[in-house]
Amino acid sequence: MTLPKKYEVTANVVQQQKLIETVYFLMVYAPAIAQAAEPGQFVQLRILRGAFTLRRPLGVAAIDRENGNIAFIYRVVGEGTRALAALQKDDSVNVLGPLGNGFSHDFVHPLVVGGGIGLSPLLYYAASLKGRADVLMGGRTEDELFWNTLFHGFVRNIFITTDDGSLGVRGFATDLLPTLLARYDYDGIVVCGPEVMMRGVAKLAQEHGTPCEVSLEARMACGLGACLSCSVDTRGGRRKVCKDGPVFSAAEVFS
Amino acid sequence: MSDERLRTELLGIEMETPVLTASGTFGFGEEFADFVDLARLGGVMVKGTTLAPRRGNEGVRVTETPMGMLNCIGLENPGVEVFLKEILPRIEPYGMHVIVNISGSSAEAYGTLAKMLDVPGVAAIELNVSCPNVKDGGILFGTDPEAASSVVRAAKANTKKPVILKLSPNVTDIVQMAKAVEAAGADAVSLINTLLGMEIDIHRWRPVLGNVTGGLSGACVKPVAVRMVWQVAQAVRVPIIGMGGITSAKDAVEFFLAGASAVAVGTANFTDPTVTMRICDGLNDYLEQRGLSNIRELVGKANPDFLGENT
């Protein structure tokens, strides 16, 4: 009963922009949620056109509190996200949120590590730190690393790896991470991306003795902690990604 | 808006509205407190509870289907002791009617659960004999009239609370099941539970759900549910709580007309967490437009052979 309030609002689309093939930037006007949403929290979007039974969970990528806007970056992976991508300015979408628990406020100079669409909630987190964070982003080829432009100006350093070496260092983010941990004095690591990346980063962080937070992704229905679709094992027993997460301490979920 | 037209009484419970929430879709009610006036609901059928804690099924537990969804949660729950010690006291201040949905792997387990839950704060017990997602017995009780009756008798012998039996649609003859559990002493029946279904990932050539099969729910099952409520209403006198694919007041009206004395909303809570309040408002409007003074006047009205006690 003491949990922060969640809202369910029908919001107007302010901006819809294709960033690269299959990846979109969506901004909607939802002042109450924009005011309340913390970095790492997410919303459940209900696509009103069509007959979708389930909402689609999307991490918050940016907030413009002054104008009451909230933005998401998402990949079109199925019918729901395809319908979402078809929305145009002034169309409406229903937003439920803010949901879950965000990243810790404890880190002063963290390294944020992300891959793919996992970089989306990290963008809001990094921006909230006003240049105090570094970012390490891993992608397959340079095409995926439009994120570089998005993070520019919000972080101190941007480090990039690509599988094919087309941009930054060739290899995985986890290949470059030990060098960065040795060179810089990060007081925390925050990671969101494919599970294999998160596990790899968590392991290196633990070896280095740096606190690490991970943001998990799971299929979910309610987003409110009621349906138990997204249960995961943690050191403290069963937890729900939607309500107890999506951000967990790495030690709690990857042991 | 006054809910005078919606006020009803079921199983000795004074309900503000005849709109309940279905087990497994609404947690313990508290999760929806930002969106729903929980005391306005006729009751909250809380997450299925078992004697021992259960971790549920591994792998993917939920997938969207045309006009619905499949789930195979597998009765994950903290166990009855945690429910009684931690959850029940925590949700008590909301003032909702708490109906506890219970599952067991033997008639004795249902009896033990019913006895443990015969405490203040619990309004009624709903016997889940038809969870399609657990292997240890549930489905047997739900498909065999004698087994279901034995569960009802075990529960009734151990509690003074009203006992509702939740009927499975995954049977050849739901009427036979309903008659059997009525004869065994069930105070009411609720129907329908989910329909057993499956989806296959054509890229991976594997079932989508971790448990291979799951329970189908949502708007797509509504015609099946209405048909079953209609059939059962012609065969039993105990009240019926109708559920299955209700997403609007119009849907709810169909269930009342088919013979349900109350309805429960399930999957639609995922689409719209405020849906139960919209349904209450819509039912009020419908009754007003029809010049009816109470929801009871609708019950069974589509059915000349309706037997129920509310006529």
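No experiment lies behind these values; they were computed from the predicted model shown.

Engineer: Would you mind showing me how to read the sheet that holds strand E15 (residues 240-243) of chain B here?
Structural biologist: Backbone hydrogen bonds are what pair the strands of a sheet, in a parallel or an antiparallel way. All names here are of chain B. Judged by pairing direction, the barrel is parallel, and its 8 strands sit side by side in the order E3-E4-E7-E8-E9-E10-E15-E16 before closing back on the first. This sheet shows a mean twist of 25° between the axes of neighbouring strands, independent of strand direction. In this structure, strand E10 (residues 188-191) lies alongside E15, joined through 3 bridges in parallel fashion. Residue pairing across strands places Leu 191 opposite Gly 242, the latter belonging to E15.

Engineer: Would you explain the interface of chain A and chain B in this entry?
Structural biologist: Often, the extent of an interface is quoted as the loss of accessible area upon association of its parts. Every contact between the two is made by 22 residues of chain A and, on the other side, 28 residues of chain B. Residue classes in the side of chain A that touches chain B are distributed as 11 nonpolar, 4 polar and 7 charged.

Engineer: Would you explain the pairing of strand E5 (residues 62-65) of chain B in this entry?
Structural biologist: Regular strands place their side chains on alternate faces of the sheet. Residue and element names in this part refer to chain B. Pairing analysis gives 4 bridges linking E5 to strand E6 (residues 68-71), with the strands arranged antiparallel. Bridge pairing in E6 links Thr 63 to Leu 70. Counted between consecutive antiparallel strands, the loop separating E5 from E6 contains 2 residues, among which Met 67 sits at a positive phi close to 55°.

Engineer: When you look at the sheet that holds E6(B) in this model, what are you seeing that I'm missing?
Structural biologist: Residues and elements named next belong to chain B. Read from one edge to the other, the open sheet built from 4 strands follows the order E5-E6-E14-E11, with strand pairing classed as antiparallel. Every interior strand has two partners, whereas the edge strands, E5 and strand E11 (195-198), have only one. Direction aside, neighbouring strands of the sheet carry axes that sit 40° apart on average. Pairing of E11 with strand E14 (residues 213-217) involves 4 bridges; the strand directions are antiparallel.

Engineer: Could you clarify how one ought to interpret the domain arrangement of chain A in this entry?
Structural biologist: Residues and elements named next belong to chain A. Segmentation of chain A into domains returns domain 1 (7-99) and domain 2 (110-253). Relative to domain 2, the C-alpha centre of domain 1 lies at a distance of 21 Å. The interface of domain 1 with domain 2 comprises 20 residues on the first partner and 17 residues on the second. When residues of the side of domain 1 that touches domain 2 are traced back to their parent elements, those giving at least two are strand E1 (7-20), strand E3 (42-46), strand E4 (56-59), strand E5 (62-64), strand E6 (69-75) and strand E7 (92-99). For the side of domain 1 that touches domain 2, the residue count by class is 15 nonpolar, 3 polar and 2 charged.

Engineer: How should helix H2 (residues 107-116) of chain B be read in this particular structure?
Structural biologist: The α-helix advances 3.6 residues per turn, and as a result positions three or four apart in sequence lie on the same side. Residue and element names in this part refer to chain B. By the burial criterion, the buried members of H2 are Ala 107, Tyr 110, Gly 111, Leu 113 and Ala 114. Across the axial projection of H2, the buried residues extend over an arc of 165°, all falling on one side. Of the surrounding secondary structure, the elements contacted by the buried residues of H2 are helix H1 (80-91), strand E7 (98-102), strand E8 (124-128) and helix H4 (145-156).

Engineer: So what exactly am I meant to see when it comes to the nonpolar core here?
Structural biologist: If you look at soluble globular proteins, the nonpolar side chains tend to sit buried side by side. With 189 residues, the main nonpolar core has A:Ala126, A:Val201, B:Leu127, B:Leu165, B:Val189, B:Val229 and B:Val263 as its most contacted residues. Three or more residues apiece are contributed to this core by two domains, here domain 1 (7-99) and domain 2 (110-253) of chain A. For B:Leu165, the residues in contact, after removing those within four places along its chain, are B:Leu127, B:Val129, B:Ala148, B:Val152, B:Val181, B:Ala186 and B:Val189.

Engineer: So what exactly am I meant to see when it comes to the environment of A:Phe103 here?
Structural biologist: Here A:Phe103 lies in the loop between E7 and strand E8 (110-115). A:Phe103 has contacts with A:Pro39, A:Gly40, A:Tyr125, A:Val190, A:Glu213 and A:Val247, leaving out every residue within four places of it along the chain.

Engineer: Whenever I open this one, the packing of helix H6 (residues 222-233) of chain B against helix H7 (residues 249-258) of chain B confuses me. Can you help?
Structural biologist: Pairs of packed helices are described in terms of their axes, by the angle between the two and the distance that separates them. All names here are of chain B. One can describe the packing of H6 onto H7 by two numbers: an axis separation of 8 Å at closest approach and a directional angle of 20°. Between H6 and H7, the crossing angle belongs to the class labelled roughly parallel. The element H6 and its partner H7 pack so that their crossing is right-handed. In this structure, H6 contributes Lys 222, Val 226, Val 229, Trp 230 and Ala 233 to the contact, and H7 contributes Asp 251, Glu 254, Phe 255 and Ala 258. Each residue belonging to the contact of H6 with H7 can be placed in one class, and the counts come to 6 nonpolar, no polar and 3 charged.

Engineer: Looking at this structure, how should I read the pairing of E14(B)?
Structural biologist: Residue and element names in this part refer to chain B. Within E14, 4 of the 5 residues are buried, which leaves the element mostly enclosed by the surrounding structure. Both E6 and E14 contribute to a ladder of 3 bridges, which runs antiparallel. Directly across from Met 69, in E14, lies its bridge partner Ser 217.

Thresholds applied
- Residues numbered from 1 in each chain as written.
- Chains lettered and ligands numbered in written order.
- Predicted model: local features only at pLDDT ≥ 70, side-chain atom pairs only at ≥ 80, totals over all residues.
- Pairing = 2+ DSSP bridges.
- Helix = DSSP H or I, 4+ residues; strand = E, 2+ residues; numbered from the N terminus.
- Axes fitted to C-alpha atoms, helices over the stretch in contact; angles between N-to-C directions.
- Contact = placed C-beta atoms within 7 Å.
- Nonpolar A, V, L, I, M, F, W, Y, C, P; charged D, E, K, R; others polar.
- Domains from an automatic or database assignment.
- Buried ≥ 20, exposed ≤ 12 C-beta atoms within 10 Å, placed from the backbone.
- Arc of directions from axis to C-beta.
- Core = buried A, V, L, I, M, F, W, Y, C linked by C-beta atoms within 7 Å.
- Parallel < 35°, antiparallel > 145°, perpendicular 65-115°, else oblique.
- Left-handed = near helix turned anticlockwise from the far one by under 90°.

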